[in-house]
Amino acid sequence: MKVVLRDKKTFTLDEIPFAPCYKPGLVAVNSGWRNEKPVVDESKCNGCNLCYLYCPDGTIFKKGKSVGIDYDFCKGCGICKKICKQGAITMESEK
Amino acid sequence: MTREFLSGNDAFARGVALARPHVISAYPITPQTTVVEKLSEFVASGKLNSEFIHVESEHSALSAAMGASSVGARTFTATSSQGLLYMAECLTYAAGGRFPIVMMNANRSTALPWNIYGDQRDSLSLLDTGWIQAYAGSAQEALDLALMSFYIAEHKDVSTPFMANLDGFTLTHTYEVVDIPEQSTVDSFLPAYQTENKMDLDNPVNMGFSAGPDTNTEFKFKEHIGMLNAKRVIDECEDKFAKLFNRRYSGLVESYLCDDADYVIVTLGTIAGLVKDRVDALREKGQKVGLLRIRYVRPFPNEQIVQILKSVKAIGVLEKDISFGNEGTVYTNVNSALQKARLNIASSNYIAGLGGRNIEPKQIDEIFEDLKNEQSVVKFVGLGE
């Protein structure tokens with residue numbers, strides 16, 4: 001298994017706000033935490049939304065009759081795969 | 001202006017009410033209880049138009065206060081001892097979030113052994129959490145500090161939470177005559193809290209986010225600068241305060257007869273009153289002694305301490321605290337200031353008043369006598385007596 005590191009982005013002192021309160025963008029995406037990513041097979045998904053309810057980071061969203069995953073913030077914990085009764089979610093290794 | 005006979009807690013509550021916070025969130029604990037009792041009475045009777053949030057713990061009290069502050073509300077809480085320690089997690093949250101919450105802490109011993117009486121181990125053990133820490137010496141100063149605390153904490157260059165410490169019982173429950181300012185004067189002293197550090201539908205922001213190794217140092221540096229800026233803002237605040245209220249405080253420290261002194265006791269809180277009394281008595285006998293009362297332990301008055309102590313022969317730091325395995329924390333801080341300025345002064349540490357033990361006048365005289373040996377020692381005052 002390979003650890004995926006996100007691109008390094010640097011900020012100058014002036015760019016850092018005085019408090020952790022800022023327009024979206026300063027916060028780096030957290031996808032680098034992930035070794036495996038969940039992939040949804042829309043043909044097997046019945047739209048029960050259990051994964052949407054269980055995702056601890058709120059990265060799963062409703063998409064038509066199925067669900068989508070925000071890969072910028074999914075940390076690859078695999079709870080969605082575990083909870084899916086239809087077997088519609090599989091974990092794929094990050095390269 | 002009216003004049004009333006008030007306890008330290010009552011006086012502080014009156015100050016808070018005059019500052020008109022939007023939200024008060026607190027959990028009762030001895031010896032802080034009467035502050036929140038008084039404030040809840042003001043709210044219940046309609047004298048004070050604040051939201052009083054009843055919570056089930058101190059951890060929740062400060063969490064609720066942060067929620068209020070994060071929408072731009074002027075916010076107050078109060079606690080003591082174990083309650084302050086229970087808040088500890090939220091203390092760094094509030095400071096790092098730059099929420100200018102004002103908290104009154106009634107200084108009280110920490111368990112075990114269980115003890116409800118006053119010493120300063122609770123707040124001094126939390127110096128590194130990023131809160132401004134002031135120590136009041138009288139009920140009048142408590143009321144005035146309540147007003148000034150909001151001014152200082154909410155100043156845009158500071159934006160740092162403020163812990164106003166009152167010695168448990170010795171100050172919180174002792175009655176004094178206190179001048180209570182007019183609401184209109186307070187209103188002209190204290191500007192409305194304005195900040196960009198808030199949730200706002202017109203200007204949506206991401207709040208309380210994480211900052212990894214790439215930006216964390218910069219956030220902490222800015223937190224440090226905010227605290228250092230408080231030094232200037234405290235002076236500015238006291239100038240404005242003096243003009244409006246005709247009472248003057250002396251900034252980060254109070255120096256009493258130190259100019260020509262050979263021996264000086266450095267301390268904080270109400271015990272300074274007794275030391276001042278003994279300085280007067282010993283001066284009458286021709287002894288060149290003085291008192292340096294530290295009013296703010298954070299930001300720490302390095303420059304002022306050096307300036308005042310630069311020509312004394314020996315100092316004794318008298319404090320109601322012990323950092324086990326080392327020495328009193330105030331002593332460590334004072335010595336650091338002296339060392340950085342290359343001042344080679346005999347400096348001793350007197351640990352006293354733990355768990356509310358009374359400090360006797362003769363013990364102050366003995367400390368001044370001990371200082372004449374010009375050594376550097378750490379002693380527990382009245383041990384086993």
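Above this text sits the structure in question.
Residues numbered from 1 in each chain as written. Chains lettered and ligands numbered in written order. Predicted model: local features only at pLDDT ≥ 70, side-chain atom pairs only at ≥ 80, totals over all residues. Heavy atoms only, no water.

**Q** It is not clear to me how the pattern of salt bridges should be interpreted in this structure. Could you clarify?
**A** One side chain can pair with another of opposite charge once the charged atoms of both are near each other. All names here are of chain A. All told, the structure shown has 27 salt bridges over all chains when counted by the stated rule. A salt bridge links R34 to E94; its shortest N-O distance comes to 2.7 Å. Of the two residues, R34 sits in the loop between strand 1 (21-22) and strand 2 (36-40) while E94 sits in the segment after strand 5 (89-93), which places them 60 residues apart along the sequence. By relative accessible area, which is 5% here, R34 ends up buried. Of the residues examined, E94 reaches a relative accessible area of 15% and is grouped as buried. (Salt bridge = Lys/Arg side-chain N within 4 Å of Asp/Glu carboxyl O. Helix = DSSP H or I, 4+ residues; strand = E, 2+ residues; numbered from the N terminus. Buried < 20%, exposed > 50% of the residue type's maximum accessible area, 1.4 Å probe, protein only.)

**Q** Looking at this structure, how should I read the environment of Y71 of chain A?
**A** Position of Y71 of chain A among the secondary structure elements: in the loop between strand 4 (66-69) and helix 2 (79-83). As a C-alpha pair, Y71 of chain A and A88 of chain A span 17 residues in sequence and 17 Å in three-dimensional space.

**Q** Explain the environment of L318 of chain B to me, please; I cannot follow it from the model alone.
**A** Residues and elements named next belong to chain B. Tracing the backbone shows L318 in strand 14 (residues 314-319). Classification of L318 as buried rests on a relative accessible area of 2%. With 175 residues separating them in the primary sequence, L318 and L143 have C-alpha atoms 25 Å apart. When neighbours within four sequence positions are excluded, L318 is seen to be in contact with I265, V266, T267, L268, I271, V275, Y350, A352, I364 and I367. (Contact = heavy atoms within 4.5 Å.)

**Q** Would you take a moment to explain the sheet that holds strand 13 (residues 296-298) of chain B for this structure?
**A** Pairing between sheet strands relies on hydrogen bonds along the backbone, with the strands arranged either parallel or antiparallel. All names here are of chain B. On the basis of which strands lie adjacent, the open sheet formed by seven strands has the order 3-2-4-5-7-6-13 and mixed pairing. In the strand order of this sheet, the two ends are held by strand 3 (51-54) and strand 13, each with one partner. Across the sheet, the mean angle separating the axes of adjacent strands is 20° when strand polarity is ignored. Strand contacts of helix 1 (residues 8-19): strand 4 (75-80), strand 5 (102-107) and strand 7 (162-167), with the helix running at about 155° to strand 7, the strand carrying the most contacts. (Pairing = 2+ DSSP bridges. Axes fitted to C-alpha atoms, helices over the stretch in contact; angles between N-to-C directions.)

**Q** Looking at this model, I keep getting lost on a nonpolar patch on the surface. Mind explaining?
**A** The grouping of L13 of chain A together with F221, I225 and L228 of chain B at the surface amounts to a nonpolar patch, some 310 Å² of accessible area in total. With relative accessibility at 31%, the residue I225 of chain B sits in the partly exposed group. (Patch = residues over 30% accessible without salt bridge, like charges linked within 9 Å, V, L, I, M, F, W, Y side chains within 5 Å. Areas by Shrake-Rupley, 256 points an atom, 1.4 Å probe, with all protein chains shown as cover.)

**Q** What am I meant to see in the side chain of S66 of chain A here?
**A** Residues and elements named next belong to chain A. For S66, the location among the structural elements is in strand 4. Judged by relative accessible area, S66 falls into the buried class, the value being 6%. Every residue in contact with S66, bar those within four places of it in the chain, is listed here: V40, E42 and C45.

**Q** Looking at this model, I keep getting lost on the interface of chain B and chain A. Mind explaining?
**A** Interfaces are frequently sized by the accessible area removed from exposure as the parts join. Facing the 20 residues of chain B at the interface are 16 residues of chain A. Between chain B and chain A lies a buried interface of about 1600 Å² when both sides are counted; carbon and sulfur atoms form 70% of it. The three residues of chain B that bury the most area against chain A are F209, F219 and K222 of chain B, which together make up 33% of that side's buried surface. Connecting chain B to chain A are zero salt bridges. Our count for the chain B to chain A interface comes out at five residue pairs in polar contact (both at pLDDT 80 or more). Among the secondary structure elements, those contributing two or more residues to the side of chain B that touches chain A are strand 9 (206-207) and helix 9 (216-245) of chain B. Here the element with the most residues in the side of chain B that touches chain A is helix 9 of chain B; it accounts for four residues. Here the residues of the side of chain B that touches chain A are counted per class, giving six nonpolar, eight polar and six charged. For strand 1 of chain A and strand 9 of chain B, the ladder comprises two bridges, and the chain directions are antiparallel. Residue pairing in the sheet places Y22 of chain A in a bridge with N206 of chain B of strand 9 of chain B. (Buried area = accessible area lost by both parts, 1.4 Å probe. Polar contact = N/O pair within 3.5 Å; in protein donor to acceptor, adjacent residues only side chain to side chain. Nonpolar A, V, L, I, M, F, W, Y, C, P; charged D, E, K, R; others polar.)

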